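Residue-level structure breakdown
Residue strings, one per chain:
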Amino acid sequence: MKTFKIFILVLLLSSFHSFAQYWEIIYRENGNAEAKTAIESYDKGLYIGLTDNALQKLALLLKTDVNGKVLWQKKIGMSGFMNGITGICQAKDGGLLVCGLITSKDEEGDAFLLKLNACGEKEWAKIYYDSGYNWAKSIMQLPDGNYLLSIYNEKIEGTLLKLDTSGKVIWQFTSEHGFKDVLLNYDNSFLISVDCFLPLHNNPDTGTAWGRGGITKLKQNGKQDFFKVYYYEEDSLIRFQSARQMQDSGWIVAGWNRNSEYIVERLFRYDKNGNVILSKRYSNGRNYHEAFINILPINDKESIILSEISDKVDKGWVKFTKVDENGKVLKFKEFKNEGAGYLFPGSFQKTSDNKFLFSGYYNNGGYVLKLNENLDIDSFTTKAYRYDSLCPKSISNSTISIADAEIIPVNLDSPTVGKYPTALPRLPEFFTSGNTIYPNPVQDLLHWRISSGTQKLLTAKVYFYNMLGQEISANIISTSENEIQVSTKHFPAGVYMGLLEVNGKVIARQKLLKR
């Protein structure tokens, strides 16, 4: 398997680095910044959202020319709080929609949406507030001119808000399952790749929860059309991550499953009614995890799939795979850090000239890569463009505060629909309120208090998984106390799911935020 080393040349401006002629760039190298999102702008440049992984830092919005040179930048958020950009959308009026997370109202985080005009000036800002850890996952403008905001919360539940052009809620759809990806279909309905935690199919009272892959189709008015869950094996963890629609109005869904030691990539084909017509499982016999996490169309029959790969030596990298409509692999390329550390994926977008734009985190900086449909790194263009042409004045660097954002309360914990008729019952509330973790958010040491109802404690097993379902830590502790301690010092900053098993039985599941 061929790997490609990433070579960096120092160029210019604010730790801006680039290949001399190829589209592979690191922004703010060694600045602890992650490019969680990058999109093409109306003038063929880019908008890039950088989130500083250090605490209490403002997020950074970059505007570049067609070759990635920074034209201007805006610091966004509120000083003294966590601020992150997770989604960007070019508005039809030439302005920009920016969404993400901010901790000003709730220390665990809330979703924000910021509207800028074509000159990068603030028109309005909203914070969609509910208790607990919530963050805006994506933003899009719909054909009717309104907006669709996707929100993910700490209980692995998802919400879609349809908003008018002032950010006011038109309708809300909240699911008891999390949203991984939202796709606008040809008929302007929505297909959601769903992240489910459900009990075993044959015995839902066992209290053993497994991740299941699902898709939900919503009508234009936000009403549910159908919901489908796919089961591979009873003890198999399976996730659907991203979908694309085919010419026959069906879908290809990219995801992964884990039923043994390693995660392996999977591809599913659905007809227009949500019925599975293809299920394809890929690599076997290897010593690393690989998960499909995004899929984009090349044409009616071919797609490019983004994979995240990690091994057990604290290394991670990405792979791009070209497949046909039946999932046959036509070509693939890996981009790998030859040293220790991770190349983390952020976003994957298609540009107007049929190129593919990847953003992420590498070498403590925001990493942006552009590929052509043959999976080769795109070269710089010599064509001249007029940038920021919709703004009558030059745009300068500045800070945009959202301290005056309107707070809009939303209930993210109450599903819009009842129990899904084709899904298993929701995970039973066998987890007792006495089984709690603290502090949360945590830095170096986590305490897990076990309820007094847990008797004769002999052996406790504590597992932590990241949001891809990859096991980050496993600890076996023998004790007779009602509280155990787990070191989290080595955890990267992020969100994790913890499982507590006592005497062979899972008794608690808790979401953890590591800072």
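Whatever comes next refers back to the structure up there.
My aim in this report is to walk through the structure given alongside it, one point at a time. (Residues numbered from 1 in each chain as written. Predicted model: local features only at pLDDT ≥ 70, side-chain atom pairs only at ≥ 80, totals over all residues. Heavy atoms only, no water.)

Turning our eyes to something else, we now look at unusual backbone geometry. The peptide bond linking Asn440 to Pro441 adopts the cis configuration, its omega dihedral lying at 15°. By secondary structure assignment, the location of Pro441 is in the loop between β34 (436-438) and β35 (445-449). With a phi close to 70°, Asn188 is a non-glycine residue in the positive phi region. Take Asn188: it is sitting in the loop between β16 (178-184) and β17 (190-199). Overall, the relative accessible area of 27% leaves Asn188 in the partly exposed class. Positioned with a positive phi, Asp388 is a non-glycine residue whose angle comes to about 55°. In this fold, Asp388 is placed in the loop between β31 (365-371) and β32 (398-401). (Helix = DSSP H or I, 4+ residues; strand = E, 2+ residues; numbered from the N terminus. Buried < 20%, exposed > 50% of the residue type's maximum accessible area, 1.4 Å probe, protein only.)

Attention shifts here to the sheet that holds strand β23 (residues 276-281). Strand order across the open sheet formed by four strands is β20-β21-β22-β23, with antiparallel pairing between neighbours. A strand with exactly one partner marks an edge of an open sheet, and here the two such strands are β20 (237-245) and β23. When the angles between neighbouring strand axes are averaged without regard to direction, this sheet yields 20°. In this sheet, β23 lies alongside strand β22 (residues 264-270) in antiparallel orientation, the contact comprising five bridges. Along β23, the bridge assignment pairs Leu267 with Lys280. (Pairing = 2+ DSSP bridges. Axes fitted to C-alpha atoms, helices over the stretch in contact; angles between N-to-C directions.)

Further remarks concern the packing of aromatic side chains. Under the defined criterion, the tally for this structure stands at 21 aromatic pairs. Seen from their ring centres, Phe358 and Tyr367 are 6.1 Å apart, and the 70° between their planes marks the pair as edge-to-face. A relative accessible area of 1% means that Phe358 is categorised as buried. On the numbers, 6.3 Å between centres and 45° between planes, the contact of Tyr385 with Tyr387 is tilted. Residue Tyr385 is classed as partly exposed on the basis of its relative accessible area, which comes to 29%. Three or more aromatic residues joined by ring pairs make a cluster, and in this case those are Phe320, Phe335, Phe348, Phe356, Phe358, Tyr362 and Tyr367. In this structure, Lys74 is placed above the aromatic ring of Trp72, and the distance from its NZ or CZ to the ring centre is 5.6 Å. Looking at Lys319, its charged tip hangs above the ring of Phe332, at a distance of 4.8 Å from the centre. (Phe/Tyr/Trp six-rings, centres within 6.5 Å; stacked < 30°, edge-to-face > 60°. Lys NZ or Arg CZ within 6 Å of the ring centre and 35° of its normal.)

Structurally, the position occupied by Ala254 is in strand β21 (residues 251-258). Residue Ala254 is classed as buried on the basis of its relative accessible area of 0%. For Ala254 and Lys280, which are 26 residues apart along the polypeptide, the C-alpha to C-alpha distance reads 9.9 Å.

Another point: the nonpolar core. Ranked by internal contacts, the top residues of the largest apolar core, which has 23 residues, are Leu61, Ile76, Val98, Phe112, Leu114 and Ile402. Only β6 (59-64), β7 (70-77), β8 (83-90), β9 (96-102), β10 (110-116) and β11 (122-129) provide two or more residues apiece to this core. Excluding anything up to four places from it in sequence, Phe112 contacts Ile76, Gly84, Val98, Cys99, Gly100, Leu101, Ile102, Lys126, Ile127, Ala136 and Ile402. Among the nonpolar cores identified, the runner-up in size contains 22 residues, and Trp256, Ile293, Ile304 and Leu375 belong to it. (Core = buried A, V, L, I, M, F, W, Y, C linked by side-chain atoms within 4.5 Å. Contact = heavy atoms within 4.5 Å.)

Assignment of secondary structure puts Gln241 in strand β20. A polar contact is formed between the side chain of Gln241 and the side chain of Trp256, at a distance of 3.4 Å. (Polar contact = N/O pair within 3.5 Å; in protein donor to acceptor, adjacent residues only side chain to side chain.)

Inspection of the sheet shows strand β14 (residues 158-163) paired to strand β15 (residues 169-175) by six bridges, in the antiparallel sense. Among the inter-strand pairings, Leu163 is bridged to a residue of β15, identified as Val169. Joining the antiparallel neighbours β14 and β15 is a turn of five residues, in which Gly167 adopts a positive phi near 90°.

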